[in-house]
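# Residue-level structure breakdown
Residue strings, one per chain:
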Amino acid sequence: MYRPDEIAPPDPWDIVVRVTHWVIAGVVIANALMTEGGSTLHVALGWIGMGCLALRLIWGVAGAPEARFSAFPPRIIPALSHLNRLRKGKSREFRSHNPAGALMIYAFWAMLAIMFATGLAMTRAATPWEVARQQDAVAAGDWSALATNDGSEGMQAASIGEDDHWIEELHGFGADLLLLLAVFHLGGVVLESRLLRRSLVRPMLLGRRR
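Everything quoted here is computed from the prediction, not taken from an experiment. (Residues numbered from 1 in each chain as written. Predicted model: local features only at pLDDT ≥ 70, side-chain atom pairs only at ≥ 80, totals over all residues. Heavy atoms only, no water.)

### A short note on the overall build of the chain
A tally of helices and strands in the chain yields eight helices and zero strands. The helix and strand sequence of the chain, counted from the amino end, reads α-α-α-α-α-α-α-α. A fraction of 73% describes how many contacts in the chain between residues 6 or more apart in sequence connect residues 24 or more apart. (Helix = DSSP H or I, 4+ residues; strand = E, 2+ residues; numbered from the N terminus. Contact = heavy atoms within 4.5 Å.)

Shown next as structure tokens:
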């Protein structure tokens, strides 16, 4: 585990961390604000985001030292201490994520996992191609494309039962919470960038510190 007082490396974030970070961010924003729930694009982006999350979690075990879970464990007391320093206008360099940022990341990952799980439940794990096929069939007037083996309605109309609408509600709540977490995350990045007098966005974009 890295000590916070060690000198930060010149290239803290490798390509896997950067790509998964920005792709997941794009998926969350697009699916929350720009796509229609249940649409082919919405489902496709969900699968892409789920793949990126899986890759990032694997990279947390087998990736670069700064990207591993051991470099930024979720610890409440250090996170509160870090927030207290920020409140006083102070900040410290960390070789990986700072303690407060680490808690935010784990919260993001947990909520993303819930979002993907509920999304799979609502679509019955349909692929984007299956969604597109069913939507094209319905547009052509062929409602039999939505029939399931047990005779119930298919994915689009009743993919969740009458007693399972909590899944859909949890999915919507998760989307709102992810956006709220993103706002706090951006606020923390702006504040720390000002206190450290360097951009925290630049290394996540280019992998290099100024």
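### Things to note about helix α1 (residues 15-33)
Relative to the 27 Å expected for 19 residues at 1.5 Å per residue, α1 spans 27 Å between its end C-alpha atoms, a close match to the ideal helical length. Buried within α1 we find Val 16, Val 17, Arg 18, Thr 20, Ile 24, Val 27, Val 28, Ala 30 and Asn 31. Buried-residue contacts for α1 involve α2 (40-62), α4 (99-123), α7 (165-196) and α8 (201-206). Near the N-terminus of α1, the side chain that reaches the backbone nitrogen of Val 16, with its oxygen 2.9 Å away, is that of Asp 14. (Expected span 1.5 Å × (residues − 1). Buried < 20%, exposed > 50% of the residue type's maximum accessible area, 1.4 Å probe, protein only. Polar contact = N/O pair within 3.5 Å; in protein donor to acceptor, adjacent residues only side chain to side chain.)

### Quick notes on the confidence of the model for the chain
With 81% of its residues at a pLDDT of 70 or more, the chain has an overall mean of 83. Within the chain, α2 carries the highest mean pLDDT (96), whereas helix α6 (residues 155-158) carries the lowest (44). Residue range residues 148-158 is modelled with pLDDT below 50. Its contacts to residues more than four positions away, or to other chains, number 24 contacts. (pLDDT = per-residue confidence, 0-100.)

### Re α2
The end-to-end C-alpha separation of α2 is 33 Å, in line with the 33 Å expected for 23 residues at 1.5 Å each. Here α2 has its buried residues at His 42, Val 43, Leu 45, Gly 46, Gly 49, Cys 52, Leu 53, Arg 56 and Gly 60.

### Looking at the nonpolar core
Residues Ile 24, Leu 53, Phe 72, Trp 109, Leu 112 and Leu 178 are the most contacted members of the largest nonpolar core, which totals 18 residues. Listing elements by their share of this core, those giving two or more residues are α1, α2, α4 and α7. At nine residues, α4 tops the list of elements feeding residues into this core. Leave out the neighbours within four places in its chain, and Leu 112 touches Ile 24, Val 28, Leu 53 and Leu 178. (Core = buried A, V, L, I, M, F, W, Y, C linked by side-chain atoms within 4.5 Å.)

### Overview of the packing of helix α3 (residues 76-87) against α4
Across the interface, α3 lies against α4 with an axial gap of 7 Å and an inter-helix angle of 125 degrees. Here α3 is positioned oblique relative to α4, judged by the angle of their axes. The residues of α4 that touch α3, namely those facing Ile 76, Pro 78, Ala 79, His 82 and Leu 83, are Pro 99, Ala 100 and Leu 103. Here the contact of α3 with α4 is built from residues that sort into seven nonpolar, one polar and no charged. (Axes fitted to C-alpha atoms, helices over the stretch in contact; angles between N-to-C directions. Parallel < 35°, antiparallel > 145°, perpendicular 65-115°, else oblique. Nonpolar A, V, L, I, M, F, W, Y, C, P; charged D, E, K, R; others polar.)

### Quick look at the packing of aromatic side chains
One pass over the full model with this rule turns up five aromatic pairs. Taking the centre distance of 5.9 Å and the plane angle of 70 degrees together, the rings of Phe 69 and Trp 109 count as edge-to-face. Remark: Trp 109 occurs in helix α4 and Phe 69 occurs in the loop between α2 and α3; sequence separation between them is 40 residues. On the basis of relative accessible area, Phe 69 is assigned to the partly exposed category, the value being 25%. (Phe/Tyr/Trp six-rings, centres within 6.5 Å; stacked < 30°, edge-to-face > 60°.)

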